[in-house]
Amino acid sequence: ALDIETWQNIEAGLGSDHWRWDREANRFVPGSDGVLEFNFFPQDTGSASNRGTVNIGADNNSTRRVSQQILQGISDQDLAFHGGQLEFDSTGVLQLGADPGISAGFKDELQAIIGQPRVLPVFSELSGNGNNGRYSIVRWVGIQIIQVNLTGQPKSVIAQAAPILVSDTIPGTTGEVSSQFVFSPIWLVE
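Reading guide: rules and limits
Residues numbered from 1 in each chain as written. Predicted model: local features only at pLDDT ≥ 70, side-chain atom pairs only at ≥ 80, totals over all residues. Heavy atoms only, no water. Phe/Tyr/Trp six-rings, centres within 6.5 Å; stacked < 30°, edge-to-face > 60°. Buried < 20%, exposed > 50% of the residue type's maximum accessible area, 1.4 Å probe, protein only. Helix = DSSP H or I, 4+ residues; strand = E, 2+ residues; numbered from the N terminus. Salt bridge = Lys/Arg side-chain N within 4 Å of Asp/Glu carboxyl O. Arc of directions from axis to C-beta. Contact = heavy atoms within 4.5 Å. Polar contact = N/O pair within 3.5 Å; in protein donor to acceptor, adjacent residues only side chain to side chain.

Asker: Help me out: how do you make sense of the packing of aromatic side chains in this one?
Answerer: Here a ring pair, both rings aromatic, is described through the centre-centre distance and the interplanar angle of the planes. For the structure shown, the criterion picks out six aromatic pairs. For the pair Trp21 and Phe28, a centre-to-centre distance of 4.9 Å together with 75 degrees between the ring planes defines the contact as edge-to-face. Judged by relative accessible area, Trp21 falls into the partly exposed class, the value being 29%. Where Phe123 meets Tyr135, the ring centres are 4.8 Å apart and the plane angle is 70 degrees; that geometry is what we call edge-to-face. Of this pair, Phe123 sits in strand E7 (residues 117-127) while Tyr135 is found in strand E8 (residues 134-149), placing the two residues 12 residues apart along the sequence. An identical accessibility class is assigned to Phe123 and Tyr135; each is buried.

Set out below in structure tokens:
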């Protein structure tokens, strides 16, 4: 998960633009592409032990579960834990449990999806510490990971906004912005 302040800075044009996608090399290389980057790990979330991992599909996510979600997305079984859907309440907030940190055990999975679009939750508040923390998710945003360093210093996961097409989604009706860069295909209903 990413804090709302970092996302709002990106929206306001505050940030760096040091990477671009090289189609021939099929990877990110140094250079500008007009899209700002941000580091979403590690970040100071204001809660001891939590650095941005949310629990989806269980109260305590294992490295194996999160690794699967990074590579394949959220499963029907994960959604069943939340009543079959992840939905904002009438105030535009979705409460999700916190999982301490981003494990170096995710490194290979995060590196495997560099340049691929993914959906990232954005939170406005984190209360509690460790596994007792609760994220107040207020947006979903489309991103792509540019660079991963979870074993050296400084640790980082660098990303930028990117459009993503997802299925089985229904836009929010609270009047607030609930997603950015996340699009759904047209559905024909008879």
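Asker: It is not clear to me how the pattern of salt bridges should be interpreted in this structure. Could you clarify?
Answerer: When the charged atoms of two side chains with opposite charge come close together, those side chains can pair. This structure, assessed with the given rule, holds three salt bridges. For Asp78, the salt bridge identified is with Arg65, shortest N-O distance 2.7 Å. A residue pair is termed long-range when its members are at least 10 positions apart, and Asp78 in helix H3 (residues 76-80) and Arg65 in helix H2 (residues 63-72) qualify at 13 residues. Residue classification places Arg65 among the partly exposed residues on the basis of a relative accessible area of 23%.

Asker: What am I meant to see in helix H1 (residues 4-11) here?
Answerer: Count 3.6 residues to each turn of an α-helix, and residues three or four apart come out pointing the same way. Here H1 has its buried residues at Ile4, Trp7 and Ile10. Mapping the buried residues of H1 onto a view down its axis gives an arc of 120 degrees, with all of them on the same face. Of the surrounding secondary structure, the elements contacted by the buried residues of H1 are strand E1 (2-3), strand E4 (37-39), E7, E8, strand E9 (156-161) and strand E11 (179-180).

Asker: Hey, could you run me through H2 in this one?
Answerer: Along H2, the positions that sit buried rather than exposed are Val66, Ser67, Gln69 and Ile70. Along the axis of H2, the buried positions cluster into a sector of 160 degrees, meaning they face one direction only. Opposite the packed face of H2, turned more than 90 degrees from it, sit the exposed residues Arg64 and Gln72. Where the residues of H2 are buried, they touch strand E5 (53-54), H3, helix H4 (107-112) and E7.

Asker: Explain the side chain of Ser67 here, please?
Answerer: Considering the arrangement of structural elements, one finds Ser67 in helix H2. Of note is the side chain of Ser67, whose polar atom sits 3.5 Å from the side chain of Glu109. Not counting the four nearest positions on each side in its chain, Ser67 is found in contact with Gly105, Phe106 and Glu109.

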